[in-house]
Amino acid sequence: MTVISARGLRKTFGNVVALDGVDLDVQRGEIIVVIGPSGSGKSTLVRCIDQLERIDAGSIKLGDELLGYELDGKGVLRRLPSAKIAAQRREMGMVFQSFNLFTHLPVGRNIWEAPYRALGVPIKEAKARSVELLERVGLSGKADEYPDRLSGGQQQRVAIARALAMRPQLMLFDEPTSALDPELVGEVLAVIKSLAEEQMTMIVVTHELQFAREVADRLIFMDEGRIIESGPPEELFTSPKTARLQTFLQRFAESA
Amino acid sequence: MSDIDRRGTVRSRFEAQHAPDADLDKIDSSRGVERRKPALWITWAICALIAFEVLRFLVGNEKLNWPVVGQYLFSLPILEGLKWTIILTIVGMVLGVALGTIICLMRLSPYLPLRVIARVWINVFRSVPPLVQLLFWFNLAYLFPTLSLGIPFGPSLFEWNTNSVITPLTAAIIGLSLYTSPYAAEIIRGGLMSVPRGQLEAATSLGLSPTDTFFRIRLPQATRIILPPMGNQTIAMLKGTSLVSIISMSDLLGAARTIYGNNFEVVPLLLVTVIWYMVLTSILTALQGWLERRYSRGY
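Here goes a summary of the coordinates provided. Model, not experiment: these values are computed from the prediction.

Examining the overall build of chain B
Moving on, step 1. Across its full length, chain B holds 13 helices and two strands.
Moving on, step 2. Taken over C-alpha atoms, the radius of gyration comes to 31 Å for chain B, far larger than the 19 Å a tight globule of 299 residues would show.
Moving on, step 3. Reported as C-alpha extents along the three principal axes, the dimensions of chain B are approximately 115 × 70 × 30 Å.
Moving on, step 4. Split into buried and exposed, the 299 residues of chain B put 33% on the buried side.
Moving on, step 5. Looking at chain B alone, contacts between residues at least 24 apart form 70% of all its contacts between residues at least 6 apart.
Moving on, step 6. For chain B, the accessible area works out to roughly 19000 Å², and carbon and sulfur atoms hold 66% of it.
Moving on, step 7. Put simply, chain B has 26 plus and 18 minus side-chain charges, and the middle of one group is 6 Å from the middle of the other.

Structural data, given as structure tokens:
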């Protein structure tokens, strides 16, 4: 079953073309890893899917449902009301490079606040689930801590738990480990790997090529707003077809 | 500077100047003592001198007439005036902040007409001196003998005689609230804008409604930034209420002026007001501190 189908995505910021005609299909349970140089549009792609940015052209569907717009009786594409868009966003969980935890709330509350307020989950149930999720990401007992007391890796794991609390169909990761000290990257990747083992549908934007190799069902290489190559990770790593991917992989091998 | 040390051996100039003359193993920094600080002692001495002179003035100058100050400090008209000062401060701030919040939201609204109205409002009410604003509202009947509510360009449903609506009290409340509203609006706007955009994106991506994002995520964090300047504004308002004595409202200063108008003890009565303003300001400052600490959890 196709969870995400995107066609002809185009997005510009002022003069800069971030997405230049992107087509993407994501199946249920598939793990897509997106790699590419800075400015290639990888972050923009996941942000557009999560509707944090409005696409300038093209369309995205979540299952059968068009994201952000509806076709009314007269064939006019009308923007959905914000309540509907919020409902669509609940189907996707997003994990950000800079964690973006709610600093004024303790960790536990960061996790149960959205299910309680947006999904109407009874507070006891929401709190119980938050305890479960904290355990799942290896942070039991931290529910009463404030985010500023946690290390970067711990904060990111809380962010993952927070996104999971909404029981999304799809998890999006925008460079989840790029802001972390190298020692902390492993613990976050481990959590993401465990999600992969549970067949969660995921799109992960990352620079961690080793991780991509281990976890991805399909690897996508983007550059200058377009998907250049796409396929099983082994294939792309061992026999890149385009010069651009070759150069990119070389540069990474050099800096490793 | 000789290159020859005490024992008469020639050493390099560097060694002579930088010769270690104690064994590092024997030196323990924990036994170190602070340097003598003559500048500090002099500063303390000057402060003590100033304090002494101030006290000498306060105690010695008979023109201050402390007995009269004591006589009127808790007198009925003064306490009555104090009551009105406190009421006006509270009402003025509550209404001013409520209005200010609306204006602020209009300022941040995606709709252009609302943004324009908000900017004009802020401009106008920040430009006119508060005293002029109070005098204007007090004399509203001159421009508008009657106030009416009804259908625009049509019949009016309710009508009031402006003179009976506008009293010193109502003019004071209207004037002070409207005067505060633009400052409150800007303070709130500053606070709202200080909340990191990433957190708002996270709230949005979790599917929290705009209302929930505003009240649960943005406003609580904005409050921490809003409190110090808003506390400042409240304390300024406390003193600002003294302007209403010009429109015949008997606040603390008004009561004091009435009394010294009769007994000519100007300085003692002003001292009475100073003392009361200082007491109230201290209470407000303590309250602000408590609120700030409460909202600082998690930082």
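Right, picking up where we left off after that structure.
Some details on the packing of aromatic side chains
All names here are of chain A.
Moving on, step 1. Scanning all chains against the criterion turns up eight aromatic pairs over all chains.
Moving on, step 2. An angle of 75° between the planes, with centres 5.9 Å apart, marks the rings of W112 and Y116 as edge-to-face. You can see W112 and its partner Y116 sitting in helix α3 (residues 107-118), four residues apart, about one turn around the helix.
Moving on, step 3. Judged by its relative accessible area of 11%, W112 falls in the buried class.

Focus on the interface of chain A and chain B
Moving on, step 1. Counting from both sides, the interface comprises 24 residues of chain A and, opposite them, 19 residues of chain B.
Moving on, step 2. Taking both sides of the interface into account, the surface hidden between chain A and chain B amounts to around 1900 Å²; carbon and sulfur atoms contribute 60%.
Moving on, step 3. When residues of chain A are sorted by the area they lose upon contact with chain B, F102, H104 and R117 of chain A head the list and together hold 30% of the total.
Moving on, step 4. Where chain A touches chain B, the interface holds one salt bridge.
Moving on, step 5. Between R47 of chain A and E201 of chain B there is a salt bridge, with the nearest N and O atoms lying 2.6 Å from each other.
Moving on, step 6. Of all elements in the fold, only α2 (82-90), β8 (92-95), α3 and α5 (152-164) of chain A reach the threshold of two or more residues within the side of chain A that touches chain B.

Concerning the packing of helix α4 (residues 76-107) of chain B against helix α11 (residues 210-240) of chain B
Residues and elements named next belong to chain B.
Moving on, step 1. Two elements in contact, α4 and α11, have axes whose closest approach is 12 Å; the angle formed by their N-to-C orientations is 140°. Classified by the angle between their axes, α4 and α11 sit oblique to one another. Every pair of crossing elements has a handedness; the one defined by α4 and α11 is right-handed. In contact with T85, T89, G92, M93, V97 and L105 of α4, α11 contributes F214, M230, Q233, T234, M237 and L238.

Some points on the pattern of salt bridges
Moving on, step 1. All chains considered together, the criterion is met by 26 salt bridges over all chains.
Moving on, step 2. For R244 of chain A, the salt bridge is made with D223 of chain A, and the minimal N-O distance between the two is 3.3 Å. Highlighted residues: R244 of chain A in helix α9 (residues 243-255) and D223 of chain A in strand β11 (residues 218-223), separated in sequence by 21 residues.
Moving on, step 3. Looking at R244 of chain A, the relative accessible area reads 35%, which means it is partly exposed.
Moving on, step 4. Using a relative accessible area of 14% as the deciding quantity, one classes D223 of chain A as buried.
Moving on, step 5. Across the pair E186 of chain B and R126 of chain B runs a salt bridge, and its minimum N-O distance is 4.0 Å. Taken together, the residues E186 of chain B in helix α9 (residues 168-193) and R126 of chain B in helix α5 (residues 112-127) connect sequence positions 60 residues apart.
Moving on, step 6. Since its relative accessible area comes to 22%, E186 of chain B is described here as partly exposed.
Moving on, step 7. Here R126 of chain B falls in the partly exposed class, since its relative accessible area comes to 41%.
Moving on, step 8. Overlapping salt bridges bring together R47 and E53 of chain A together with R197 and E201 of chain B as one network.

Comments concerning the pairing of strand β4 (residues 57-62) of chain A
Residue and element names in this part refer to chain A.
Moving on, step 1. Note: strand β1 (residues 2-13) against β4, five bridges, orientation antiparallel. Of the residues in β4, the one forming a bridge with I4 is L62.
Moving on, step 2. Relative to strand β5 (residues 65-66), β4 is paired through two bridges, and the arrangement is antiparallel. Bridge pairing links K61 to L66 in β5.
Moving on, step 3. If you look at the hairpin formed by β4 and β5, you'll find two residues sitting between the two strands, and G63 has a positive phi there, around 65°.

Observations concerning the side chain of S5 of chain A
Residues and elements named next belong to chain A.
Moving on, step 1. With respect to the element layout, S5 can be found in strand β1.
Moving on, step 2. We classify S5 as buried; its relative accessible area is 15%.
Moving on, step 3. Other than its neighbours up to four places away in sequence, S5 contacts L24, D25, S59, I60, K61 and G63.

Examining the sheet that holds strand β2 (residues 16-27) of chain A
Residue and element names in this part refer to chain A.
Moving on, step 1. One open sheet holds the four strands; their spatial order is β2-β1-β4-β5, and the pairing between them is antiparallel. Of all the strands in the sheet, the pair left with one neighbour each is β2 and β5.
Moving on, step 2. Most of the contacts of helix α1 (residues 42-49) go to β2, to which it runs at about 60°, and overall it touches β1, β2 and β4.

Regarding the sheet that holds strand β12 (residues 226-231) of chain A
In any sheet, the strands associate via hydrogen bonds between backbone groups, in a parallel or an antiparallel arrangement.
Residues and elements named next belong to chain A.
Moving on, step 1. Spatial strand order, β8-β9-β10-β3-β11-β12: six strands in an open sheet with mixed pairing. Pairing within the sheet leaves two strands with one partner each, and these edge strands are β8 and β12. With strand direction ignored, the average angle separating the axes of adjacent strands in the sheet is 15°.
Moving on, step 2. Alignment of strand β3 (residues 31-35) against strand β10 (residues 201-205), held across four bridges, turns out to be parallel. Pairing of I32 across the sheet is with I203, part of β10.
Moving on, step 3. Those strands touched by α5 are β8 and β9 (170-174), and its axis lies near 170° from that of β8.

Concerning the packing of α4 of chain B against α9 of chain B
Residue and element names in this part refer to chain B.
Moving on, step 1. The interhelical angle for the contact between α4 and α9, taken along N-to-C directions, is 45°, at an axis separation of 5 Å. Of the possible angle classes, the one that applies to α4 and α9 is oblique. Relative to α9, α4 is oriented so that their crossing is right-handed.

Analysis parameters
All residue numbers here refer to positions counted from 1 along the written sequence of the relevant chain. Both sets of labels track the order of writing: A upward for chains, 1 upward for ligands. Thresholds applied to this predicted model are a pLDDT of at least 70 for local features of residues and 80 or more for the giving and counting of side-chain atom pairs; totals over whole chains, interfaces and linings are not thresholded and use all residues. The basis for every side-chain value is the complete set of non-hydrogen atoms in the structure, without hydrogens or water. The way it works is that DSSP assigns letters per residue, a run of H or I at least four long becomes a helix, a run of E at least two long becomes a strand, and they are numbered from the N terminus. Each radius of gyration reported is based on C-alpha atoms, and the globular scaling rule is 2.2 Å times the count of residues to the power 0.38. Exposed residues in this analysis have more than 50% of their type's maximum accessible area, buried residues have under 20%, and partly exposed residues fall in between, with area computed by a 1.4 Å probe over protein chains only. In this analysis, two residues are considered to be in contact whenever any of their non-hydrogen atoms come within 4.5 Å of each other. With residues, only the protein chains shown are counted as cover, and all accessible areas are computed by Shrake-Rupley using a 1.4 Å probe. For the charge count, each Lys or Arg is scored as positive and each Asp or Glu as negative, with His and the chain ends excluded. Taken as the charge centre is NZ of Lys, CZ of Arg, CG of Asp or CD of Glu, depending on the residue. The criterion for an aromatic pair is that two Phe, Tyr or Trp rings (for Trp, the six-membered ring) have centres within 6.5 Å, with stacked assigned to planes under 30 degrees apart, edge-to-face to planes over 60 apart and tilted to the rest. By buried area we mean how much accessible surface two parts lose on assembly, using a 1.4 Å probe and totalling the loss over both. A pairing counts as a salt bridge when a side-chain nitrogen of Lys or Arg comes within 4 Å of a carboxyl oxygen of Asp or Glu. Each axis is a line fitted through C-alpha atoms, and for a helix only the stretch in contact is used; angles between axes span 0 to 180 degrees, taken between their N-to-C directions. Geometric relationships in this document are graded by angle, where less than 35 degrees denotes roughly parallel, more than 145 denotes roughly antiparallel, 65 to 115 denotes roughly perpendicular, and other angles denote oblique. For any helix crossing, the convention is left-handed if the near helix is rotated counterclockwise from the far helix by under a right angle, and right-handed if that rotation is clockwise. Only strands that DSSP links by at least two bridges are regarded as paired with each other.

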